[in-house]
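# Observations on the model geometry
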Amino acid sequence: MTPGVRPLIAGNWKMHGTLASVRELAEGVAAGTAPGADLLVCPAFVHLSPVAAALQGKAVALGAQDCHANPKGAHTGDVSAPMLADLGASFVILGHSERRADHGETDAEVRAKAEAGLASKLTPVVCVGESEAQRLAGEAEEVVAGQLTGSLPDGFAAAGGVVAYEPVWAIGTGRTPTEEDIAAMHARIRAELEKRFGQAGSTLRILYGGSVKPGNAKAILALPHVDGALVGGASLVAADFLAIAAAA
Ligand code: PGA
């Protein structure tokens, strides 16, 4: 944790759920309490409205998992940042490694999307992280530093943007880096944010993501510069998500 920074526990529901199951999940999360952390859930686009309804009046924020870089236009199948804001979203995850892999998203595209998010008053959660080959080659920190330089727009810090460090090889695998490796990467990310944004970079939230579970959350969230978690699989069970939040 970073002193004075309130942790954010974010659930990335990915391409999961039915109308009935996401309503139940959202209600389950909203029924819990997390005195020590802010909560955020990010359902698929089509589930934003019903989840927004389930979260009405509750202290759980709503986010999307992507947006287009343009506010509107002839982009069949895409969703714009103004549309997300209109449905009640206040955050948007951008540059998740699954989008970088499945849709070939580049740092420049992620940056453009983050600018679009900022223009609609959405807080971007920009994801960065190395592949296993890059870590084994000793390149992890340089890869992540390069992704930050390329993906973060200039207005990121002023808007309280969030960075999520997610090693690609730890996502959905049950494997996590050592605590030393997580701490080292988060310290590097903090240094990069301060270099780029000055004092404002010292309090931006840096989340860890990749196989966060109730069993490992406390140790990970206690590390310096780990200001929350981006949770995939375990966020699909309300009790597990709340247990992770309780560890913050
Ligand atoms: P995981 O996913 O918790 O299932 O590893 C994290 C993520 O992709 O955000």
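Residues numbered from 1 in each chain as written. Predicted model: local features only at pLDDT ≥ 70, side-chain atom pairs only at ≥ 80, totals over all residues. Heavy atoms only, no water.

### Considerations on the site of the ligand
Neighbouring residues of the ligand: 13 residues in total, closest K14, H96, E166, G172 and S211. Contact between the ligand and H96: an oxygen atom at 2.7 Å from a side-chain N or O atom of the residue. Within the side chain of E166, one N or O atom sits 2.7 Å away from an oxygen atom of the ligand. When the free accessible area of the ligand is taken as 280 Å², the share hidden by the protein chains comes to 97%. In terms of residue class, the shell around the ligand is built from four nonpolar, seven polar and two charged. (Near = heavy atom within 4 Å. Polar contact = N/O pair within 3.5 Å; in protein donor to acceptor, adjacent residues only side chain to side chain. Areas by Shrake-Rupley, 256 points an atom, 1.4 Å probe, with all protein chains shown as cover. Nonpolar A, V, L, I, M, F, W, Y, C, P; charged D, E, K, R; others polar.)

### What about the packing of helix 1 (residues 19-31) against helix 10 (residues 238-246)?
At a closest axis distance of 9 Å, the pairing of helix 1 and helix 10 adopts a crossing angle of 35°. The handedness of the crossing between helix 1 and helix 10 is right-handed. Along the contact surface, helix 1 presents L25, G28 and V29, while helix 10 presents A238, F241 and L242. Taken together, the residues of the contact of helix 1 with helix 10 sort by class into five nonpolar, one polar and no charged. (Axes fitted to C-alpha atoms, helices over the stretch in contact; angles between N-to-C directions. Helix = DSSP H or I, 4+ residues; strand = E, 2+ residues; numbered from the N terminus. Left-handed = near helix turned anticlockwise from the far one by under 90°. Contact = heavy atoms within 4.5 Å.)

### Focus on the pairing of strand 3 (residues 60-64)
One face of the sheet, then the other: side chains in a regular strand alternate in exactly this way. Burial of strand 3 is extensive: five of the five residues sit out of reach of the surface. In strand 3, alternate side chains face the same way, and those of V60, L62 and A64 on one face and A61 and G63 on the other are all buried. Strand direction decides the pairing type here: strand 2 (residues 38-42) and strand 3, joined by three bridges, are parallel. Bridge assignment links V41 to a residue of strand 3, and that residue is L62. Once the chain exits strand 2 it traverses helix 2 (residues 48-55) before rejoining the sheet at strand 3, and the crossover so formed is right-handed. (Buried < 20%, exposed > 50% of the residue type's maximum accessible area, 1.4 Å probe, protein only. Pairing = 2+ DSSP bridges. Right-handed = clockwise from strand over helix to strand, strands pointing away.)

### Observations concerning the nonpolar core
In terms of nonpolar packing, the biggest core is built from 65 residues, with I9, L39, L84 and I189 touching the most fellow members. What L84 contacts, discounting residues up to four positions off in sequence, is F45, L48, A64, D66, C67, V79, A89, V92 and L122. Counting residues in hydrophobic clusters, the runner-up holds 13 residues, among them C42, A61, V125 and V162. (Core = buried A, V, L, I, M, F, W, Y, C linked by side-chain atoms within 4.5 Å.)

### Digging into the pairing of strand 4 (residues 91-94)
Of the two faces of strand 4, the one lined by F91 and I93 and the one lined by V92 and L94 are each fully buried. By the bridge criterion, two bridges tie strand 3 to strand 4 in an arrangement that is parallel. Its bridge partner being in strand 4, G63 is matched across the sheet by F91. Considered for its hand, the β-α-β crossover made up of strand 3, helix 3 (residues 81-86) and strand 4 is right-handed. When strand 4 meets strand 5 (residues 123-128), the two strands line up parallel, connected through four bridges. Bridging across to strand 5, I93 finds its partner in V125.

### Re the sheet that holds strand 4
Read around the barrel, eight strands follow the order 1-2-3-4-5-6-7-8 and close on themselves; strand pairing throughout is parallel. Neighbouring strand axes in the sheet, compared pairwise and without regard to direction, differ in orientation by 25° on average. Two elements, strand 5 and strand 6 (residues 162-165), share four bridges in a ladder whose sense is parallel. Residue pairing in the sheet places V125 in a bridge with V162 of strand 6. Against the sheet, helix 8 (residues 179-197) contacts strand 6 and strand 7 (206-209), and its axis sits at roughly 150° relative to strand 7.

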